Amino acid sequence: MQRSLFTIIIALYSTATFAQRQKAISPDLFGIFFEDISYSADGGLYAELIQNRSFEYTGSDHKGWHPMTAWEYTPRGYAYGKLSVETKSPLNENNTHYVVLDIQDVGQEGLGLTNYGFNGIPVKEGEQYDVSLFAALLAGNAIPVTVSIRNRKGDIYGETTFDVTNKNWQQYAAGITVNKSDDSACLVIIAKGTGKLAIDQVSLFPKKTFKDRTNGMRPDLSQAIADLHPKFMRFPGGCLVHGDGIANIYNWKNTIGPLEARVDQRNIWNYHQSAGLGYFEYFQFCEDIGAKPVPILAAGVSCQNSGGTWVIGSTGQKGIPMADMQAYIQDVLDLVEYANGPATSVWGAKRAAAGHPEPFHLQYLGIGNEDKMTPDFEARFTMIYNAVKAKHPEITVIGTAGPSSEGEDYEKGWAIVNKLKVPVVDEHYYNEPEWFLKNNQRYDKYDRKKAKVYIGEYASRGNKFINAISEATYMTSLERNGDVVHMASYAPLLAKKGNTNWNPDLIYFDNTGVYPTVNYYVQQLFSSNSGDVYISDVVTFDRKKDSTLAASVVKDSKTGDVIVKLVNAGATDAKVNVNLKALGALQPKAQVILLKEEGGVPVSVETEFTKSSLTLDALSMQVIRLHKK
Ligand code: AHR
């Protein structure tokens, strides 16, 4: 009797200490940063296969580009006529360039134009591709137009024919099934009757898109993103958001509604945005991958690097004129209504018309992107923040604290956020691996009463194993500080090989393949093994105070699983002690995932995990998932 009382007393004592060693952490800690950089959207995630589909490319997008970039005039079999690009009677005022074919002699085959996609159109045998175009008959009787998918020599893989009879713009659409696989096919449009024909907004989509969405995303890339199990997705940038000058600030309203009426725009990263992947598609994609949407809007100022001023300390930042700020603020408020408002509201109705009457459950809204902390910025940020707070107190606004881990903009950004009591602030930093090792304690010192942190962009400047493992050590500190670090996203997410504006990136891809980096696997190990409770004082190392060793322990309250992460970024093996007794009653069978330089991909095994002492290989990381008894 006496003995069991003693046991109860000990048990109560342990329970109390166990409870004391637990703290709630952010359930939204690890997410993704999507920016339309390095062809992440057009030619990337967005599954459209036609490049420059509405003939809106210009030399200001990219030196030497023009409305016929990626297109070629194609007279076949002695046909005679001409092709011109015109703007007189456009499809709509937002899409003013279109092609006119003047067919004087059809010859043996007719004449038209060819699109080569984004360096070739990849097609697969037996699969269907949805083609569509707008056309208007300007002269002549009905003109048959054949649209085919071919190889470069002209061999046809599949085709369809439309009879263009309408003098007004009309959309023609059909499916083409392809009889051969080819990574570098092209789309050929041939008019087979004399007369004049206007053509615009030519589109070719694989039938198979991620989750079978119309106007959807590339399935392989989407799956790689979904496999990160991100808790949130930030979009559409990055510098893309605040743009190169005021006219280039990303305007979400220009990216919704009928595709042919969306406003194409120069991309700050020296190419073009069709806006086919627009705000509706971003929200829908977030929903499809189970991530909370985190749209970022400009704080009423353009990028400080506007006009090519990519020099530290310089500022090409321009503020929206005060006279236009109320309209800009209204756009910000309208976005909340677009995402969350009832289908009967003005902007909610537009969401419903696009096929989503239910709200998108917007919770976070970022204002600003690592802006230069000028008086122009502060005035405009304050106006926007106050307006959102007043009209939508339910929305968590994310402020911004410059482009570096320290310095003037960081200090001033934090001061503004503190003054206004903004709930979350976005920090950005790209530093060397050593920085990530040495700064493992950065957030231990942050004031818990001030704003929470969203590390919106970070990376250790490389895709080598040492980069990934340094990031892993740092991420254990983000879990440990998950009560003040609310969110974090590696940046950038995607980059197309041959079109990279920025290195390193998390996932590289080309027209047919997806190449995740070792940094990707580190992000994946953390995001798919996250928790909402942090448990301290479980792991001890023999090499104390060695910044290359790191650990974190979290619990997922939904499943009761306890997840131990152990990282050794050092060049020698290290002994680690895991105090399993301090974790409550757990099953001996655990899932152990090992990531080592050799192999470079995580390897998972189900095994008994009962020993509290283990050796961590040099340059390795382990995730041990223990299940509740
Ligand atoms: O992530 C790439 C770029 O880095 C972002 O556009 C910008 O915010 C940062 O400077």
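In the annotation of an unreviewed UniProt entry, the protein chain is listed under the name non-reducing end alpha-L-arabinofuranosidase and assigned to Chitinophaga silvisoli. Per UniProt, the protein chain carries the Catalytic activity (unreviewed entry) text "Hydrolysis of terminal non-reducing alpha-L-arabinofuranoside residues in alpha-L-arabinosides."

Undergrad: Account for the UniProt feature "domain: Alpha-L-arabinofuranosidase C-terminal" (unreviewed entry) in the protein chain, with residues named and values stated.
TA: In this numbering, the UniProt entry assigns the feature "domain: Alpha-L-arabinofuranosidase C-terminal" (unreviewed entry) to residues 456-620. Secondary structure across residues 456-620 comprises 16% helix and 40% strand; the distance between its end C-alpha atoms is 26 Å.

Undergrad: Please give an account of the site of the ligand that cites residues and values.
TA: If you check the shell around the ligand, you find Phe33, Glu35, Ile37, Gly238, Cys239, Trp269, Asn369, Glu370, Tyr430, Glu457, Pro492 and Trp502 and nothing else. One of the side-chain nitrogen or oxygen atoms of glutamate 457 is found 2.6 Å away from an oxygen atom of the ligand. Alone, the ligand offers 280 Å² of accessible surface; in the complex the protein occludes 95% of this. When grouped by side-chain class, the residues that make up the shell around the ligand number 7 nonpolar, 2 polar and 3 charged.

Undergrad: I'd like a description of the sheet that holds strand β27 (residues 539-541), backed by residues and values.
TA: Read from one edge of the open sheet, 3 strands run β27-β30-β33, paired in antiparallel fashion. The open sheet terminates on both sides in strands that have one partner only, identified here as β27 and β33 (613-616). Pairs of neighbouring strands in the sheet enclose a mean axial angle of 30 degrees, with direction left out of account. Pairing between β27 and strand β30 (residues 574-578): 3 bridges, direction antiparallel.

Undergrad: Tell me what's going on with the pattern of salt bridges, and back it up with residues and numbers.
TA: By the definition in use, this model includes 26 salt bridges. As a salt-bridge pair, arginine 442 and glutamate 427 come within 3.0 Å of each other at their nearest N and O atoms. Highlighted residues: arginine 442 in the loop between α9 (433-438) and β21 (452-459) and glutamate 427 in strand β20 (residues 424-430), separated in sequence by 15 residues. This pair shows no difference in class: arginine 442 is buried, exactly as glutamate 427 is. Salt bridges sharing common partners tie together Lys372, Glu408, Asp409 and Lys412.

Undergrad: Describe in detail the domain arrangement of the protein chain, supporting the description with residues and values.
TA: By domain assignment, the protein chain separates into domain 1 (32-47 + 209-528), domain 2 (71-206) and domain 3 (533-628). Centre-to-centre, using C-alpha coordinates, domain 1 lies 37 Å away from domain 2. For the pair domain 1 and domain 2, the summed buried surface comes to about 1100 Å²; carbon and sulfur atoms form 59% of the total. When residues of domain 1 are sorted by the area they lose upon contact with domain 2, Ala47, Glu260 and Asn511 head the list and together hold 44% of the total.

Undergrad: How would you sum up the packing of helix α10 (residues 465-480) against helix α11 (residues 518-527)? Please name residues and give values.
TA: A pair of packed helices is characterised by two quantities: the angle between their axes and the separation of those axes. Where α10 contacts α11, the axes come no closer than 8 Å and their chain directions differ by 20 degrees. With respect to their mutual orientation, α10 and α11 come out roughly parallel. α11 is crossed by α10, and the crossing has right-handed handedness. Seen from α10, the contacting residues are Phe465, Asn467, Ala468, Glu471, Ala472, Met475, Thr476 and Glu479; seen from α11, they are Val518, Asn519, Val522, Gln523 and Phe526.

Undergrad: Outline the side chain of aspartate 182, supporting the account with residue identities and numerical values.
TA: The topology assignment puts aspartate 182 in strand β12 (residues 182-191). Put simply, aspartate 182 is tucked away with no salt bridge, and the nearest opposite charge, on arginine 152, sits 6.9 Å away. Within the structure, aspartate 182 has its side chain in polar contact with the side chain of tyrosine 157 (distance 2.6 Å). Not counting residues up to four positions away in its chain, the partners in contact with aspartate 182 are Ile121, Pro122, Val123, Asn151 and Tyr157.

Undergrad: Got a sec to walk through the pairing of β33? Specific residues and values, please.
TA: The two faces of β33 differ: Leu614 and Leu616 on one face are buried, but Ser613 and Thr615 on the other face are not. Two elements, β30 and β33, share 4 bridges in a ladder whose sense is antiparallel. Of the residues in β33, the one forming a bridge with asparagine 577 is serine 613.

Undergrad: Just give me the short version of the packing of aromatic side chains, but keep the residues and values in it.
TA: The final tally for this structure, using the stated rule, is 38 aromatic pairs. Pairing phenylalanine 436 with tyrosine 474 gives two aromatic rings, centres 5.0 Å apart and planes at 90 degrees, and the pair type is edge-to-face. You can see phenylalanine 436 sitting in helix α9 and its partner tyrosine 474 sitting in helix α10, a full 38 residues away along the chain. Note on phenylalanine 436: relative accessible area 0%, which makes it buried. For tyrosine 474, a relative accessible area of 0% corresponds to the buried category. A connected cluster of aromatic rings, assembled from ring pairs, spans Phe34, Phe235, Tyr250, Trp252, Tyr279, Phe280, Tyr282, Phe283, Tyr338, Trp347 and Phe360.

Quick notes on the rules
- Residues numbered from 1 in each chain as written.
- Predicted model: local features only at pLDDT ≥ 70, side-chain atom pairs only at ≥ 80, totals over all residues.
- Heavy atoms only, no water.
- UniProt positions renumbered as here; feature names shortened; annotations may be inferred.
- Helix = DSSP H or I, 4+ residues; strand = E, 2+ residues; numbered from the N terminus.
- Near = heavy atom within 4 Å.
- Polar contact = N/O pair within 3.5 Å; in protein donor to acceptor, adjacent residues only side chain to side chain.
- Areas by Shrake-Rupley, 256 points an atom, 1.4 Å probe, with all protein chains shown as cover.
- Nonpolar A, V, L, I, M, F, W, Y, C, P; charged D, E, K, R; others polar.
- Pairing = 2+ DSSP bridges.
- Axes fitted to C-alpha atoms, helices over the stretch in contact; angles between N-to-C directions.
- Salt bridge = Lys/Arg side-chain N within 4 Å of Asp/Glu carboxyl O.
- Buried < 20%, exposed > 50% of the residue type's maximum accessible area, 1.4 Å probe, protein only.
- Domains from an automatic or database assignment.
- Buried area = accessible area lost by both parts, 1.4 Å probe.
- Parallel < 35°, antiparallel > 145°, perpendicular 65-115°, else oblique.
- Left-handed = near helix turned anticlockwise from the far one by under 90°.
- Contact = heavy atoms within 4.5 Å.
- Lys, Arg positive; Asp, Glu negative; His and termini not counted.
- Phe/Tyr/Trp six-rings, centres within 6.5 Å; stacked < 30°, edge-to-face > 60°.

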